[in-house]
Amino acid sequence: MTTLAQLVDATGRPTFVEVKARTAAEERRRADALPGSAGHATEAAVRTAATPDDPSRPVQWALDVLRSDDLPAVDLTGQLIAVVDTGVDAAHEDFAPGQVRCDLGTDLVGDTLDPAGNGCTDPEGHGTHVAGIAAAVTNNAKGVASLASGTQILPVRVLDKDGAGTSTAIATGIVYAVDHGATVINISAAGDYSEVYDPAVAYATQHNVPVVVAAGNNGTTGNQALWPASSPGAIAVTAIDQNGTVAPYSNTSGVADIAAPGTGIYGLDAKTGRYIYKSGTSMASPEVAASVALYRATHPTSTSVQVRQALTATAQDAGEPGPDAQYGAGIVNPYALVSNNVPTVTISSLKVTKRTRITVHVAAFKPGTNVTVTETYRYPRKNIFISKTVALGTARVSRAGTATRLISPVQSAKTGTLTIRGTAADGTKITITNTIKVG
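A few points on the structure. Since the model is a prediction, treat every value here as computed from it, not as a measurement. (Residues numbered from 1 in each chain as written. Predicted model: local features only at pLDDT ≥ 70, side-chain atom pairs only at ≥ 80, totals over all residues. Heavy atoms only, no water.)

### Focus: helix α5 (residues 197–206)
Tyr 197, Ala 200, Val 201 and Ala 204 are the residues of α5 that are buried. Buried residues of α5, viewed axially, fall in a sector of 95 degrees; they line one side. On its buried face, α5 is in contact with α4 (167–179), β7 (184–187), β8 (211–214) and α7 (304–314). Positive phi shows up at Asn 208, right after α5, with a value of about 60 degrees. (Buried < 20%, exposed > 50% of the residue type's maximum accessible area, 1.4 Å probe, protein only. Helix = DSSP H or I, 4+ residues; strand = E, 2+ residues; numbered from the N terminus. Arc of directions from axis to C-beta. Contact = heavy atoms within 4.5 Å.)

If you want it as structure tokens, here you go:
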């Protein structure tokens, strides 16, 4: 975010001078102190007011919620969204030639329906719909628009013509995607626990490849936690409907990190080559994956931890105040994600021994305010997870916009979440989460 000093001469003629300093707060102070300053201002991105010419854009309510038409122009060159799914129809009219990377893709199903073995055949249609939600070409006078228009897709076929597969295929697909250059992985699939998920997701996050996963559609049929959404490090996504409420089918067992539109989503149909409506957390997940691609394009050195922080810090709070089982941190907000100066949090270690004191450092919060640190950890009870949250302390934000807090995690041997709440430099309320392993 650029800070400007507004200098006004005796005739009232304004000029605008960029001011740089170590922190945003210091930039504002310097801008206000310059001779002739009428105060500070912040740079804002501008784009033409044209509406995308995709004929079905008017029925894409999700893009209205996500403010896709207001997004600043983002160069997505270098971003590669891995769609670990039923394959992707590379020949669909709403993909650009070469956008679906058949040269990099693979088929881990092992049937005869993908003769080239590159994931560019989609007998079921699910993966094509998912890929189109994330990256169908916008402004091509065809079909639908998307958040991350034209971003390259890495097709990893792990589910068969009936949409069924194995945990091993999905875990192997995650590893394959990391090894072949994916910058974000989308998995719109859910099932029971398998030991193969956790190390695969860990491999991705250790290589700074965020894994975005649908939370599952069993909200009315047991609502038990599903995987790989429940794997440590995965970004679990629930689905909202046109009213902004979590859809009844959406899993709300306590694994949610963030929510996105998922009901009545119009998108690509591999079976007809045209378009179709689908609903589910499967449709919500690629909205978040596309948002991650936008963020990584504008923050190319960001780590998986920083991506998660940015997603949760900019999410639009919904439901109960603060994180909850229905929405996680809130509804994904790609506009804020790429437009705002997101406060950051660093911690001394993502893995600590039992009850070891660690340091949490926060930056870009409003000077003079307090930040609070809480810890949430989950434990199973019957078929659901129960969450417990405890306060670990507060810290005062210095003039430089930073604060440091020594804390002692209270659980002895679990994966938990550290949550830091405070006020951003612009006065908005901020919530940032960090996954941490204790034990």
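### Description of the packing of helix α6 (residues 281–298) against α7
Where α6 contacts α7, the two axes come as close as 11 Å, and the packing angle between them is 115 degrees. Overall, the two elements α6 and α7 adopt an arrangement that is roughly perpendicular. The element α6 and its partner α7 pack so that their crossing is right-handed. In this structure, α6 contributes Val 288, Val 292, Tyr 295 and Arg 296 to the contact, and α7 contributes Gln 306, Val 307, Ala 310 and Leu 311. Looking at the contact of α6 with α7 residue by residue, the classes come out as six nonpolar, one polar and one charged. (Axes fitted to C-alpha atoms, helices over the stretch in contact; angles between N-to-C directions. Parallel < 35°, antiparallel > 145°, perpendicular 65-115°, else oblique. Left-handed = near helix turned anticlockwise from the far one by under 90°. Nonpolar A, V, L, I, M, F, W, Y, C, P; charged D, E, K, R; others polar.)

### A few points about the pairing of β8
Neither face of β8 is left uncovered, since the one carrying Val 211 and Val 213 and the one carrying Val 212 and Ala 214 both have all their residues buried. Alignment of β7 against β8, held across three bridges, turns out to be parallel. When the sheet's bridge partners are listed, Asn 186 is paired in β8 with Val 212. Note on the crossover from β7 through α5 to β8: the handedness is right-handed. (Pairing = 2+ DSSP bridges. Right-handed = clockwise from strand over helix to strand, strands pointing away.)

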